[in-house]
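# An overview of the molecular structure
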Amino acid sequence: VQLQAFGGGLVQAGGSLRLSCAASGRTSSNYVMGWFRQAPGKEREIVAAISWRSGNTYYGDPVKGRFAISRDNTENAVFLQMNSLKPEDTAVYYCAADRTSSLYPRDHARFYTYWGQGTLVTVSS
């Protein structure tokens with residue numbers, strides 16, 4: 001599975017961005033798709049994840065109520081709508097895939113086998 005992330009950029013605090021992740025290769029419904037981020041000097045953390053099969057979602061505490069993850073099964077794409085952005089959201093954002101039949105996303109990077117290149121999101125104050 002190959003993943004490619006798009007949509008990062010520079011935005012002012014309070015603004016919005018939408019990230020996209022296109023999946024290609026041997027895709028199937030037995031995946032959970034996740035967005036992770038890593039800021040300089042910090043560990044990679046989960047932002048959000050969605051089960052391809054069930055649509056069940058998971059959100060990291062810092063983004064609950066502000067970000068929304070969605071999927072388009074026909075396009076093999078996953079999206080992350082980011083609203084009310086804060087400077088602390090500044091990070092490189094990664095799209096990842098967890099090959100699992102579970103209907104519920106897992107919340108740690110160690111479960112995710114496939115990773116796309118990162119896309120930088122910078123939120124200015």
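Everything numeric in this text was worked out from a predicted model, so none of it was measured.

### Some words on the sheet that holds strand E8 (residues 77-82)
Strands sit in the order E1-E3-E8-E7 across an open sheet of four strands; the sheet is antiparallel. Every other strand in the sheet has two partners, leaving strand E1 (2-6) and strand E7 (67-72) as the edge strands with one partner each. Along the sheet, successive strands turn relative to each other by an average axial angle of 15°, direction set aside. As paired strands, E7 and E8 are joined by six bridges and run antiparallel to one another. Across the sheet, the residue bridging to Ser-70 is Phe-79, located in E8.

### Considerations on the state of the cysteines
Evaluated as defined, the whole model comprises one disulfide. Each sulfur in the disulfide pair Cys-21 and Cys-95 lies 1.9 Å from the other. Taking the sign of the S-S torsion, -75° for the link of Cys-21 and Cys-95, the bridge is left-handed. Here Cys-95 lies in strand E9 (residues 91-99) and Cys-21 lies in strand E3 (residues 17-24), a separation of 74 residues in the sequence. We note that Cys-21, like Cys-95, is buried.

Parameters at a glance
Residues numbered from 1 in each chain as written. Predicted model: local features only at pLDDT ≥ 70, side-chain atom pairs only at ≥ 80, totals over all residues. Heavy atoms only, no water. Pairing = 2+ DSSP bridges. Helix = DSSP H or I, 4+ residues; strand = E, 2+ residues; numbered from the N terminus. Axes fitted to C-alpha atoms, helices over the stretch in contact; angles between N-to-C directions. Disulfide = S-S within 2.5 Å. Buried < 20%, exposed > 50% of the residue type's maximum accessible area, 1.4 Å probe, protein only.

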